[in-house]
Amino acid sequence: MLRTHTDVLVVGGGIIGLAVAWRTAQRGLGVAVLDPDPGHGAAQVAAGMLAPVTELQYGEEPLLRLGMASNARYADFAAELEQASGLPTGYRACGTLAVALDADDRAELQDLYAFHQRLGLTSRWLTGRETRRLEPMLAPSVRGALLVEDDHQVDGRRVGAALLEACRRAGVDLVAARAERLTVEHGRATGAVAEGGRELAADQVVVAAGSRSHLLPGLPEGVLPPVRPVKGQVLRLRIPPVYAPFLSRNVRAVVRGCHIYLVPREDGELVVGATMEELGHDTTVTAGGVYELLRDAHELIPGITELPLVETSAGLRPGSPDNAPLLGPTALDGLVAATGHFRNGVLLAPVTGDLVAEYLAAGRLPELGVPFLPTRFTRTAAQEALR
Amino acid sequence: MADDILTIAGTPFGSRLIMGTGGAPSLEVLEQALKLSGTELTTVAMRRVDPTVKGSVLEVLARNSIRVLPNTAGCFTAGEAVLTARLAREALGTDWVKLEVVADERTLLPDPVELLDAAEILVDDGFTVLPYTNDDPVLARKLEDVGCAAVMPLGSPIGSGLGIRNPHNFQLIVENAGVPVILDAGAGTASDAAFAMELGCDAVMLASAVTRAQDPALMADAMRRAVEAGRMARRAGRIPRRFHAEASSPLEGRAQLDHREMPAF
């Protein structure tokens with residue numbers, strides 16, 4: 001049986017796994033990635049909004065800090081990745097507008113604005129008129145908006161393709177097979193067996209298998225908290241050149257309590273997302289999902305009905321119990337986590353690559369990553385037992 | 001309060017706060033809130049959850065010994081609601097269902113005709129039906145007549161946080177009901193929950209007021225105490241309202257001073 005040995009084995013070649021592999025290879029370590037179809041995870045469906053400030057939620061300030069750190073690195077990350085791969089990433093510093101359509105939505109958005117101000121974040125309140133001057137396609141009923149100049153966008157598909165190429169050029173061994181099981185010897189992760197029987201031994205193993213991370217066979221119980229699949233349906237429309245620009249920045253809105261976003265790409269693609277459904281590993285596109293997205297998008301931007309609808313798809317966000325990622329060493333020696341990024345995989349790819357590569361190369365997780373150690377959940381359980 | 005048990009369809013509950021799960025920022029936050037709420041019964045939208053998934057909201061309920069109450073949120077016809085209830089029964093092995101059939105997305109108010117129709121079909125099919133209904137005393141009575149195990153009138157529209165807009169109707173419903181009356185929808189803060197209990201509701205059901213609060217766990221704790229306080233106040237019996245003051249200390253036995261005996265200050 002074929003057996004190879006490498007410094008680091010990354011299980012899962014989505015945007016997170018590849019970012020970790022690329023950054024780790026840059027540090028001079030030998031890296032292999034195990035994935036039947038690398039570069040094709042949830043980021044293929046994601047809209048790629050880089051909006052930590054716009055999407056801030058109460059109680060998630062640590063995640064905000066991580067998101068802002070990653071956002072701040074994005075321009076350099078994209079430039080370096082484009083250089084290394086020779087491929088575009090679709091990074092676009094365009095800003096984001098969070099729009100309120102009626103008085104109720106406005107009140108909710110003002111709540112967010114107040115929260116921004118308490119935390120010292122930069123956002124600007126616009127009246128309905130000011131909002132529509134920036135984006136004339138918005139419905140006349142718009143009651144106000146928050147402009148967040150530093151929340152941008154990137155194309156998750158292009159980043160995936162570019163990371164794949166950058167990994168190839170950096171000498172990462174891309175093993176196109178499913179991980180059959182994790183191998184554990186004497187209480188330490190030692191690698192994985194690929195489908196077909198090939199054994200990949202490694203000094204350190206990174207789990208970056210998205211919503212399948214904790215289902216990896218051979219993973220001891222309790223090492224990773226559950227990472228559950230949260231389905232999102234997404235539409236892709238095309239803005240014909242005669243309509244351009246149509247939208248000039250990301251638009252996010254609460255339409256009668258439902259969250260929707262529209263991300264206009266430089267190349268004319270307009271991404272509309274996304275539903276939130278907890279239905280297991282199911283990626284069916286449903287009539288209801290498409291209807292709800294179009295209904296809310298139409299209410300926000302009536303002219304959307306004229307655009308060609310070119311694609312409908314569904315992806316699975318890897319949701320951890322607290323919506324924050326799992327980064328760094330686990331309770332199992334030799335096993336490192338880079339998963340559970342939920343709605344923020346594309347945003348957090350640069351900072352995840354940097355933090356996890358630093359841990360793999362230097363044995364130390366930088367301070368920024370410490371709140372996201374996977375052991376935070378096991379600690380809570382232990383503390384509770386003591387009470 | 002061991003001597004004050006809520007009984008729904010023969011099942012006892014120590015807590016009179018029924019929780020919903022919609023709108024929680026994360027499962028971890030939801031779990032903290034559910035713990036602090038003290039709830040023993042919690043609704044889950046069956047159209048949004050697959051019970052076979054590891055780490056789902058159903059696991060959160062199971063490990064906290066909270067009974068799951070599947071609901072038919074998002075249904076607009078009796079047909080859809082009946083189908084959803086049957087799928088839930090098959091998936092979760094419970095014949096309890098919180099029946100919701102709404103008329104439109106703008107108000108999310110119950111469609112009374114479809115609701116009554118669905119309730120009758122489900123009761124006949126052996127379900128324990130808890131219908132989300134308008135605050136209409138006549139409809140509440142008809143739902144009870146077809147065999148619902150409780151009635152759950154709305155205080156105000158779902159998620160509005162406007163409290164109980166028609167307390168008089170609630171009193172009428174409570175007075176007539178032979179099954180538990182549960183405030184469903186509208187509670188925005190603790191006083192709303194306490195008020196419902198003071199009006200004679202047997203329990204309060206809420207979700208958004210907790211899950212969308214800035215600190216959901218703290219609000220859950222507040223709601224638990226509010227429901228308990230309101231219930232105790234109802235049992236204790238409030239004083240009648242008066243237009244003018246009535247001194248709380250007695251007037252008898254005070255010194256009656258003659259003006260000649262008045263001391264000089």
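Residues numbered from 1 in each chain as written. Chains lettered and ligands numbered in written order. Predicted model: local features only at pLDDT ≥ 70, side-chain atom pairs only at ≥ 80, totals over all residues. Heavy atoms only, no water.

Undergrad: When you look at the overall build of chain B in this model, what are you seeing that I'm missing?
TA: For chain B, the helix and strand inventory stands at nine helices and 10 strands. Considering only C-alpha atoms, chain B reaches an extent of 90 × 40 × 35 Å along its principal axes. Across the 265 residues of chain B, 47% fall into the buried class. Contacts in chain B between residues at least 24 apart in sequence constitute 65% of all its contacts with a sequence separation of at least 6. As displayed, chain B has an accessible area near 12,900 Å², and 53% of this comes from carbon and sulfur atoms. Both charge centroids of chain B, one from 25 positive and one from 35 negative side chains, sit 4 Å from each other. (Helix = DSSP H or I, 4+ residues; strand = E, 2+ residues; numbered from the N terminus. Buried < 20%, exposed > 50% of the residue type's maximum accessible area, 1.4 Å probe, protein only. Contact = heavy atoms within 4.5 Å. Areas by Shrake-Rupley, 256 points an atom, 1.4 Å probe, with all protein chains shown as cover. Lys, Arg positive; Asp, Glu negative; His and termini not counted. Charge placed at Lys NZ, Arg CZ, Asp CG, Glu CD.)

Undergrad: Please explain the packing of aromatic side chains as it appears in this structure.
TA: Aromatic ring pairs: the centre-centre distance and the angle between the two ring planes describe each pair. Applying the stated criterion across every chain yields a total of seven aromatic pairs over all chains. Counting every residue linked through ring pairs, the aromatic cluster contains Trp22, Tyr74, Phe77 and Tyr91 of chain A. The residue whose ring lies beneath Arg67 of chain B is Trp96 of chain B, and the NZ or CZ to ring-centre distance is 4.0 Å. (Phe/Tyr/Trp six-rings, centres within 6.5 Å; stacked < 30°, edge-to-face > 60°. Lys NZ or Arg CZ within 6 Å of the ring centre and 35° of its normal.)

Undergrad: Can you help me understand the nonpolar core in this one?
TA: For soluble globular proteins, nonpolar side chains are generally found buried alongside one another. Leu99, Leu122, Val129, Leu183, Val204 and Leu206 of chain B are the most contacted members of the largest nonpolar core, which totals 56 residues. It is helix H7 (residues 190–198) of chain B that contributes the most residues to this core, five residues altogether. With sequence-adjacent residues up to four places away left out, Leu122 of chain B is seen in contact with Val82, Ala85, Val97, Leu99, Phe127 and Val129 of chain B. Counting residues in each nonpolar core, the second largest holds 46 residues, with Ala19, Leu66, Leu355 and Tyr359 of chain A among its members. (Core = buried A, V, L, I, M, F, W, Y, C linked by side-chain atoms within 4.5 Å.)

Undergrad: Help me understand the pairing of strand E6 (residues 144–148) of chain A in this model?
TA: Residues in a regular strand point their side chains to alternate faces of the sheet. Residues and elements named next belong to chain A. Of all five residues that make up E6, five are buried, and the element is covered over most of its length. Both faces of E6 are covered, namely the face carrying Gly144, Leu146 and Val148 and the face carrying Ala145 and Leu147. Relative to E6, strand E4 (residues 96–100) runs antiparallel, the two sharing five bridges. Looking at E6, one finds that Ala100 is bridged to Gly144. (Pairing = 2+ DSSP bridges.)

Undergrad: I would appreciate a short explanation of helix H6 (residues 167–176) of chain B in the present structure.
TA: One turn of the α-helix equals 3.6 residues, which is why residues spaced by three or four share an orientation. All names here are of chain B. All buried positions along H6 are accounted for by Asn169, Phe170, Ile173 and Val174. Seen from one end, H6 has its buried residues packed into an arc of 135 degrees, which puts them on one side. For H6, the exposed residues lying more than 90 degrees away from the buried face are His168 and Glu175. Lining the buried residues of H6 we find helix H5 (137–145), strand E8 (152–153), strand E9 (182–184) and helix H9 (216–236). (Arc of directions from axis to C-beta.)

Undergrad: Got a minute to help me understand the packing of helix H1 (residues 27–37) of chain B against H9 of chain B in this structure?
TA: Packed helices, taken two at a time, are described by the angle their axes make and the gap between the axes. All names here are of chain B. Where H1 meets H9, the axes come as close as 7 Å, and the angle between the chain directions of the two elements is 20 degrees. Taken as axis vectors, H1 and H9 run roughly parallel relative to one another. In the packing of H1 onto H9, the handedness of the crossing is right-handed. Facing Val29, Gln32, Ala33, Leu36 and Ser37 of H1, the residues of H9 in contact are Pro216, Ala217, Ala220, Asp221 and Arg224. (Axes fitted to C-alpha atoms, helices over the stretch in contact; angles between N-to-C directions. Parallel < 35°, antiparallel > 145°, perpendicular 65-115°, else oblique. Left-handed = near helix turned anticlockwise from the far one by under 90°.)

Undergrad: Explanation requested: the domain arrangement of chain A in the structure shown.
TA: Interfaces are frequently sized by the accessible area removed from exposure as the parts join. Residue and element names in this part refer to chain A. Domain boundaries assigned for chain A yield domain 1 (3–44 + 158–226 + 322–385) and domain 2 (94–150 + 229–319). Computed from C-alpha atoms alone, the centre-to-centre distance between domain 1 and domain 2 is 32 Å. Listed as interface residues are 13 residues of domain 1 and, on the opposing side, 12 residues of domain 2. Roughly 1,000 Å² is buried in total at the junction of domain 1 and domain 2, and carbon and sulfur atoms are behind 56% of that figure. Looking at the side of domain 1 facing domain 2, the largest losses of area belong to Ser211, Phe342 and Arg343, adding up to 54% of the total buried there. At the boundary of domain 1 with domain 2, the tally comes to one salt bridge. Residue Arg158 pairs with Asp267 through a salt bridge whose shortest N-O separation is 3.0 Å. Put simply, domain 1 and domain 2 have three residue pairs in polar contact (both at pLDDT 80 or more) between them. (Domains from an automatic or database assignment. Buried area = accessible area lost by both parts, 1.4 Å probe. Salt bridge = Lys/Arg side-chain N within 4 Å of Asp/Glu carboxyl O. Polar contact = N/O pair within 3.5 Å; in protein donor to acceptor, adjacent residues only side chain to side chain.)

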